[in-house]
Structure formats: C-alpha cells, structure tokens
Amino acid sequence: MPNAIGLSLLAGMALVLQNAVMVAMTGRGLSLTGALLCNSLVGLLILSAVELCRGESGLFQQWGRAELWFVVPGVLGTFFVFASLFGYRTQGSAATIVLIITGQIVAGLLLDRLGWAGIVRELSVQRLLGTALVIGGAVLVARAP
C-alpha cells in the first residue's frame, strides 16, 4: 500500500504541474486546443511505444516544430492516469482521490508561491492551516479500514 499512497500523492502533484506547463505552452503561441492535442499525442506515443514493445502495432507521428519540453504535460497526464488506476485497484477510490487532491493542493501551494502559473501568492497561515487539515483528512481516509 505505501507504493499506492506515494503514486497517488505524486499523481496529484503531476496534474498541477501538467496544467502549469500547458499554460506555458500557450504562452509560446500554441492555442489551448493545440496544447491539449500535444498532451494527448504524447500519451498516445507512450502507449504506442508500450504496445510496440509488447509486440503490438503502434502509431508514431512526427512533432515538427514542437520543443522538447512540450512532452512534459503528456508524460505527467499519462502518469496521472496510471497512478489513479493503480490506486483505485490497490487502496480504493476514496483513498486514491483524497491523496491525489492532497498532492494537488501541496503542489498548487508551491506553484503559487513560486509564481509558475503567473500569480505569486504568499504561504499565509490560513493556507498552511487549510493544507494541514487536508493532509490530516487524507491520512484518516487512507488509513481507514
């Protein structure tokens, strides 16, 4: 179960980072749907490579002018889906969801503090207390019989 807990927390953090990177992609001239398509294509490529390694046929496409870091949201999104499914199967949906949300809140606080999404927010006592309460709730839900 510790692996599922760690994966669930990291998945929540990955989703926050995925969205921040996709916002940065739109700042480089991609439309929102272009960023979403890039995200989906990376997931498709990863899954195609897995299938190819398993002896199945895969679909590979050229990226053209895309920058190397544009693959980050697709990698994070694919990881998110994997970790979510792994968590659901090993610890149930409630524990998985609460741990993912906890990971998202922690990563969101960090991104806000660093200003990665374009807005800098201080780590106020209220925000830290709220996060502590969410973490406490996640522990209770994840450890419940």
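Small disclaimer: the values here were computed from a predicted structure and weren't measured. Here, residues in each chain are numbered from 1, in the same order as that chain's written sequence. Note on the predicted model: pLDDT of at least 70 is required for a residue's local features to be given, and 80 or more for side-chain atom pairs to be given and counted; whole-chain, interface and lining totals, by contrast, use all residues. Computation of side-chain values: all heavy atoms of the structure, hydrogens and water removed.

### Focus: the nonpolar core
Note the threshold: Nonpolar cores were defined as sets of buried Ala, Val, Leu, Ile, Met, Phe, Trp, Tyr and Cys residues, with membership established by side-chain atoms within 4.5 Å. Think of it in three bands: with a 1.4 Å probe and only protein chains considered, a residue is buried below 20% of the maximum accessible area for its type, exposed above 50%, and partly exposed in between. In DSSP terms, a helix is any run of H or I states spanning at least four residues, a strand is any run of E spanning at least two, and both are numbered starting from the N terminus. When checking whether two residues touch, look at their non-hydrogen atoms; a contact exists if any pair is within 4.5 Å.
Within the largest apolar cluster, 6 residues are counted, these being Val21, Met22, Met25, Ala35, Cys38 and Phe70. Of all the elements in the fold, those that place two or more residues in this core are α1 (2–27) and α2 (32–53). Leaving out residues up to four positions away in the same chain, Met22 has contacts with Ala35, Leu36, Asn39 and Pro73. Ala95, Leu99, Ala138 and Ala142 belong to the second-largest nonpolar core, a separate cluster that totals 5 residues.

### What to know about the packing of aromatic side chains
Definition in use: Paired rings are identified among Phe, Tyr and Trp, the last through its six-membered ring, by centres lying within 6.5 Å, and are further divided according to the angle between planes into stacked (under 30 degrees), edge-to-face (over 60) and tilted (the rest).
Under the criterion given, the structure shown has 2 aromatic pairs. Relative to Phe70, the ring of Trp69 lies with its centre 4.7 Å away and its plane at 90°, an arrangement referred to as edge-to-face. With relative accessibility at 6%, the residue Phe70 sits in the buried group. Ring centres of Phe82 and Phe86 lie 6.1 Å apart, and the angle between their planes is 25°; this geometry places the pair in the stacked category. Residue Phe82 and its partner Phe86 are located together in helix α3 (residues 72–91), separated by 4 residues, close to a single helical turn.

### Remarks on the environment of Ala24
Locating Ala24 in the fold gives a position in helix α1. Separated by 18 residues in the primary sequence, Ala24 and Val42 have C-alpha atoms spaced 17 Å apart.

### Comments concerning helix α4 (residues 93–114)
For the α-helix, the turn length of 3.6 residues means that residues three or four positions removed from each other point alike. Heads up, the rule is: Multiply 1.5 Å by the residue count of a helix minus one, and that product is the helix's expected span.
Under the 1.5 Å per step criterion, the end-to-end length of α4 is 31 Å for 22 residues, consistent within 8% with the ideal 32 Å. Residues Ala95, Thr96, Val98, Leu99, Ile100, Thr102, Gly103, Ala107, Gly108, Leu109 and Leu111 constitute the buried set of α4. Phi turns positive one or two residues past the end of α4, at Gly115, with a value near 75°.

### Here we look at the packing of α3 against α4
Axes are the key here: two packed helices are described by the angle between their axes and the distance separating the axes. What counts, and what does not: Axis geometry follows a simple rule: fit a line to the C-alpha atoms, using only the stretch in contact for helices, then measure angles between N-to-C directions, giving values from 0 to 180 degrees. Roughly parallel means an angle under 35 degrees; roughly antiparallel means over 145; roughly perpendicular covers 65 to 115; every other angle is labelled oblique. Residues are sorted three ways: Asp, Glu, Lys and Arg are charged, Ala, Val, Leu, Ile, Met, Phe, Trp, Tyr, Cys and Pro are nonpolar, and all the rest, Gly among them, are polar.
In the contact formed by α3 and α4, the axes pass within 7 Å of each other and the chain directions differ by 140°. The pairing of α3 with α4 is recorded here as oblique in orientation. Across the interface between the two elements, Phe80, Ser84, Gly87, Tyr88 and Gln91 of α3 pack against Ser93, Ala95, Thr96, Ile97, Leu99 and Ile100 of α4. Of the residues contributing to the contact of α3 with α4, the split by class is 6 nonpolar, 5 polar and no charged.

### What to know about a nonpolar patch on the surface
Keep this limit in mind: Two distance rules govern patches: like charges are joined within 9 Å, and nonpolar side chains (Val, Leu, Ile, Met, Phe, Trp, Tyr) within 5 Å, applied only to residues with over 30% relative accessible area and no salt bridge. Surface exposure here means Shrake-Rupley accessible area, sampled with a 1.4 Å probe, where a residue is shielded only by the protein chains that are shown. In the sections that follow, a salt bridge refers to a side-chain nitrogen of Lys or Arg positioned within 4 Å of a carboxyl oxygen of Asp or Glu.
Together, Leu10, Met13, Val106, Ile135 and Val139 make up a nonpolar patch on the protein surface, roughly 360 Å² of accessible area in all. Broken down by secondary-structure element, the contributors of at least two residues to the nonpolar patch are α1 and α5 (125–143). When you line up the elements, Val106 lands in helix α4. Overall, Val106 belongs to the partly exposed group, its relative accessible area being 31%.

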